[in-house]
Amino acid sequence: LKRLANRTLEKSLSFHDVLLESLNNSQTVQAYAMKPAEVKRFSDATEVTRRYALKFSFYTALSKPIIEALGVGMLCTAIICGAFLVLKQQTSIWIIPLASQPLSVEGLLTFFGMLIGMTDPLRKFAAVFSSMHLGSISADAIYRLLEHPTHITSPAEPKLLARPHRRILFHDVSFGYLPDRTVIEQVDLEIPFGSTV
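Since the model is a prediction, treat every value here as computed from it, not as a measurement.

### What about the overall build of the protein chain?
- From N to C terminus, the protein chain includes five helices and four strands.
- From first element to last, N terminus to C terminus, the protein chain shows the α and β order α-α-α-β-β-α-α-β-β.
- Scaling as 2.2 N^0.38, a compact globule of 197 residues should have a C-alpha radius of gyration of about 16 Å, whereas the protein chain reaches 31 Å, well beyond that.
- Counting only C-alpha atoms and orienting by the principal axes, one finds that the protein chain spans roughly 100 × 50 × 25 Å.
- Here the analysis covers contacts within the protein chain between residues at least 6 apart in sequence; of these, 49% occur between residues at least 24 apart.
- Accessible surface for the protein chain amounts to roughly 16200 Å². Of this, 64% is attributable to carbon and sulfur atoms.
- Seen as two clouds, the 20 positive and the 17 negative side-chain charges of the protein chain have centres 4 Å apart.

As structure tokens, this is what we get:
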């Protein structure tokens, strides 16, 4: 569930990137008649996000009956073992010691009552289990960003720029918001003083 929650969050972020890029640049999209390409990109991102969200919902829904079945199995095992201990007046099953003295019927019923009382909070915990995974994945992403060291530091003795400067020069500049997807690659640009670009 945690791995799937991580993938769902990644795809959701990609979906939001596509959405914000299209909406914030709607004039550019219209000017260059890119609406069909943007609609396809949006549809693809939506489909991928939907697929992962459905898969996460499926496994979340599947985890509840599995936990319920495990709870019922645990209760049945406890009833069988308890009945064996009471009827045979034993203190262990096979070589596993379970009690210091043989159990009475009242002691066994008290144990079952406590066991049933304990299963209800465990079932409620299982219901919030998937939400906890989503929350922990989101928190991991935020803390990873907050704890990331900055690579840009101010120099101890900054140099003053000549006034007026003659030009701004960019040489072999590459940039991307994600490490594997660059937006611009190896750009050389010279902007003379007084120019607007």
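### Details of the pattern of salt bridges
- By the definition in use, this model includes five salt bridges.
- The closest approach of N and O atoms between E21 and R41, which form a salt bridge, is 3.0 Å. Linking E21 in helix 1 (residues 2-24) with R41 in helix 3 (residues 35-88), this pair joins segments that are 20 residues apart in sequence.
- Taking the relative accessible area as the measure of exposure, E21 reaches 42% and is therefore partly exposed.
- Among the residues examined, R41 registers a relative accessible area of 32% and is labelled partly exposed.
- With a shortest N-O distance of 3.0 Å, K40 and D44 are connected by a salt bridge. Of this pair, K40 and D44 both sit in helix 3, four residues apart, which is roughly one turn of the helix.
- Each of E21, E38 and R41 takes part in one network of salt bridges that share partners.

### Observations concerning the packing of aromatic side chains
- Across all of its chains, the model carries three aromatic pairs by this definition.
- Aromatic side chains F58 and Y59 sit 5.2 Å apart centroid to centroid with 70° between the ring planes, which places their arrangement in the edge-to-face category.
- When the ring of F175 is compared with that of Y177, the centres are 5.1 Å apart and the planes differ by 80°; the resulting orientation is edge-to-face.
- The positively charged end of K55 is found above the aromatic ring belonging to Y52, 5.6 Å away from the centroid.

### Some thoughts on the environment of V29
- Relative to the assigned elements, V29 resides in helix 2 (residues 26-31).
- C-alpha separation for the pair V29 and S174, spaced 145 residues apart in sequence, amounts to 24 Å.
- Look past the residues within four positions of V29 in its chain and what remains in contact with it is S22, M34, K35 and E38.

### Side note on the layout of surface pockets
- The computed volume of the largest pocket comes to approximately 630 Å³.
- Lining the largest pocket are 16 residues, with E10, L13, A141, R144 and L178 sitting closest to its centre.
- Elements with a minimum of two residues in the lining of the largest pocket: helix 1 and helix 5 (129-147).
- By residue number, the principal contributor to the lining of the largest pocket is helix 1, which donates six residues.
- Counted by class, the lining of the largest pocket contains eight nonpolar, three polar and five charged residues.
- Reported here for the second largest pocket is a volume of approximately 240 Å³.

Calculation criteria
- Residues numbered from 1 in each chain as written.
- Predicted model: local features only at pLDDT ≥ 70, side-chain atom pairs only at ≥ 80, totals over all residues.
- Heavy atoms only, no water.
- Helix = DSSP H or I, 4+ residues; strand = E, 2+ residues; numbered from the N terminus.
- Rg over C-alpha atoms; globule rule 2.2 N^0.38 Å.
- Contact = heavy atoms within 4.5 Å.
- Areas by Shrake-Rupley, 256 points an atom, 1.4 Å probe, with all protein chains shown as cover.
- Lys, Arg positive; Asp, Glu negative; His and termini not counted.
- Charge placed at Lys NZ, Arg CZ, Asp CG, Glu CD.
- Salt bridge = Lys/Arg side-chain N within 4 Å of Asp/Glu carboxyl O.
- Buried < 20%, exposed > 50% of the residue type's maximum accessible area, 1.4 Å probe, protein only.
- Phe/Tyr/Trp six-rings, centres within 6.5 Å; stacked < 30°, edge-to-face > 60°.
- Lys NZ or Arg CZ within 6 Å of the ring centre and 35° of its normal.
- 1 Å grid on protein atoms, 1.4 Å probe; cavity = no way out; pocket = protein on both sides within 12 Å on 5 of 7 lines; lining within 4 Å.
- Points joined across faces, edges and corners; volume = space filled by probe spheres on them.
- Nonpolar A, V, L, I, M, F, W, Y, C, P; charged D, E, K, R; others polar.

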